[in-house]
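Chain residues, written in single-letter form:
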Amino acid sequence: MNFDNEVNIVFDAKSENESLARVVVVSFITPLNPTLNVVNDIKTAVSEAVTNAIIHGYDGKSGKIYMNLRLKDDILQIEIKDHGIGIENIEQVKEPLYTSKPELERSGMGFTVMETFMDKLEVLSTYKMGTTILMTKSLNTHSV
Amino acid sequence: MEIKVYNNVLIVYLKGEVDQHKVSSIRNDIDRSLVENNAKHLIYDFTNVGFMDSSGIGMILSRYKSFSGTSNKLCLSGVSSNTMRLFDMVGLKDIIKIYNNVDEALLNV
């Protein structure tokens with residue numbers, strides 16, 4: 001598929017880069033003039049996915065996070081990929097309040113937030129190989 | 001973040017963006033201040049918070065759980081509409097009192 005615009009960035013799995021990922025996605029969609037609520041939903045979903053990659057995928061160890069942003073008309077596709085430990089049971093981690101890291105005061109709501117704030121969420125993961133989060137959202141900027 | 005103590009109430013003035021990076025650096029400061037000041041109650045003020053993800057929810061719920069079963073109170077103030085949507089979504093509004101500002105929260109703890 002030909003996209004109207006596409007950005008790829010790779011960054012270290014460090015928590016200080018969570019804000020960088022949010023800034024990049026906001027800059028990417030701003031030209032389409034989405035509403036503040038839509039911007040905030042997308043920022044929050046990206047923050048959740050990147051945080052998961054850092055603290056669960058790589059478990060705080062070094063690694064790279066790959067973020068791909070694509071726009072076609074007013075549909076935003078976000079792919080956030082890590083080469084970390086992966087997820088053994090995807091359905092379990094998607095359950096509200098489930099967390100494997102209670103000691104880090106994780107709420108276990110990350111996937112629920114992503115599912116709620118985005119139109120579509122797909123989780124592709126292979127244990128010990130890594131995880132890819134695919135999210136889609138209509139920016140609703142082309143509606144009459 | 002700025003922490004102030006008023007009588008036996010610890011007031012945490014959160015600032016900027018509350019994500020995992022920020023939470024990991026401030027949660028120990030909050031716990032230490034609670035002990036050092038012998039504070040009974042805790043107010044998280046969100047007036048100057050521009051963004052928050054579920055890391056902030058975890059930070060709030062962790063202390064809410066440690067307060068449960070005691071007479072100590074935890075409440076929130078100054079929550080923006082965006083952050084309120086997150087609180088609403090996870091059901092936080094049903095279990096924790098949210099006030100318009102710190103003064104109003106202080107009257108109720």
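Look up: the structure comes first, before these words.
Residues numbered from 1 in each chain as written. Chains lettered and ligands numbered in written order. Predicted model: local features only at pLDDT ≥ 70, side-chain atom pairs only at ≥ 80, totals over all residues. Heavy atoms only, no water.

**Focus: the layout of surface pockets**
Of the pockets and cavities examined, the largest pocket occupies roughly 610 Å³. Those elements that place two or more of their residues in the lining of the largest pocket are α2 (36-57), β3 (75-82), α3 (90-93), α4 (110-117) and β5 (130-138) of chain A. Among the elements that take part in the lining of the largest pocket, α2 of chain A stands out by supplying 5 residues, more than any other. For the lining of the largest pocket, a count of residues per class yields 11 nonpolar, 13 polar and 5 charged. Considered as a void within the structure, the second largest pocket measures approximately 200 Å³ in volume. Y64, N72, K73, L74 and K97 of chain B are, among the 14 residues lining the second largest pocket, the residues nearest its centre. Among the secondary structure elements, those contributing two or more residues to the lining of the second largest pocket are α2 (54-67), β4 (74-77) and β5 (97-99) of chain B. (1 Å grid on protein atoms, 1.4 Å probe; cavity = no way out; pocket = protein on both sides within 12 Å on 5 of 7 lines; lining within 4 Å. Points joined across faces, edges and corners; volume = space filled by probe spheres on them. Helix = DSSP H or I, 4+ residues; strand = E, 2+ residues; numbered from the N terminus. Nonpolar A, V, L, I, M, F, W, Y, C, P; charged D, E, K, R; others polar.)

**What about the environment of E36 of chain B?**
Residue position: E36 of chain B is located in helix α1 (residues 20-36). Placed 66 residues apart in sequence, E36 of chain B and V102 of chain B show a C-alpha to C-alpha distance of 21 Å.

**Looking at empty space enclosed by the protein**
Counted under the stated rule, the structure contains 1 cavity of 30 Å³ or more. Estimated volume of the largest cavity: approximately 40 Å³. Looking at the largest cavity, the residues that line it are N40, T44 and F117 of chain A together with M52, N82, T83 and L86 of chain B. If you list the elements that add at least two residues to the lining of the largest cavity, you get α2 of chain A together with α3 (81-90) of chain B. Ranked by residues supplied to the lining of the largest cavity, first place goes to α3 of chain B with 3 residues.

**Comments concerning the sheet that holds strand β4 (residues 120-126) of chain A**
Residue and element names in this part refer to chain A. On the basis of which strands lie adjacent, the open sheet formed by 5 strands has the order β1-β2-β3-β5-β4 and antiparallel pairing. Every other strand in the sheet has two partners, leaving β1 (5-12) and β4 as the edge strands with one partner each. Between one strand and the next, the sheet's axes are offset by a mean angle of 10°, whatever the strand orientation. Examined bridge by bridge, β1 and strand β2 (residues 64-72) share 8 bridges and lie antiparallel to one another. Looking at the pairing, N5 lines up with L71 of β2. Set on the sheet, α2 makes contact with β1, β2, β3 and β5; between it and β3 the angle comes to about 10°. (Pairing = 2+ DSSP bridges. Axes fitted to C-alpha atoms, helices over the stretch in contact; angles between N-to-C directions. Contact = heavy atoms within 4.5 Å.)

**Let's talk about the nonpolar core**
I42, V46, I65, L76, I78, I80 and M135 of chain A are the most contacted members of the largest nonpolar core, which totals 36 residues. When contributions to this core are tallied by element, the ones reaching two or more residues are α1 (18-29), α2, β2, β3, α3, α4, β4 and β5 of chain A. (Core = buried A, V, L, I, M, F, W, Y, C linked by side-chain atoms within 4.5 Å. Buried < 20%, exposed > 50% of the residue type's maximum accessible area, 1.4 Å probe, protein only.)

**A few points about the interface of chain B and chain A**
At the interface, 20 residues of chain B touch 25 residues of chain A. Roughly 2000 Å² is buried in total at the junction of chain B and chain A, and carbon and sulfur atoms are behind 48% of that figure. When the buried surface of chain B facing chain A is broken down by residue, Q20, F51 and M89 of chain B rank first, second and third, together holding 28% of it. At the boundary of chain B and chain A, one finds 4 salt bridges. We note a salt bridge from D41 of chain A to R85 of chain B, for which the minimum N-O separation is 2.7 Å. Linking chain B with chain A are 9 residue pairs in polar contact (both at pLDDT 80 or more). Examining the composition of the side of chain B that touches chain A, we find that 7 residues originate from one element, α2 of chain B, more than from any other. Among the residues forming the side of chain B that touches chain A, the class breakdown is 7 nonpolar, 7 polar and 6 charged. (Buried area = accessible area lost by both parts, 1.4 Å probe. Salt bridge = Lys/Arg side-chain N within 4 Å of Asp/Glu carboxyl O. Polar contact = N/O pair within 3.5 Å; in protein donor to acceptor, adjacent residues only side chain to side chain.)

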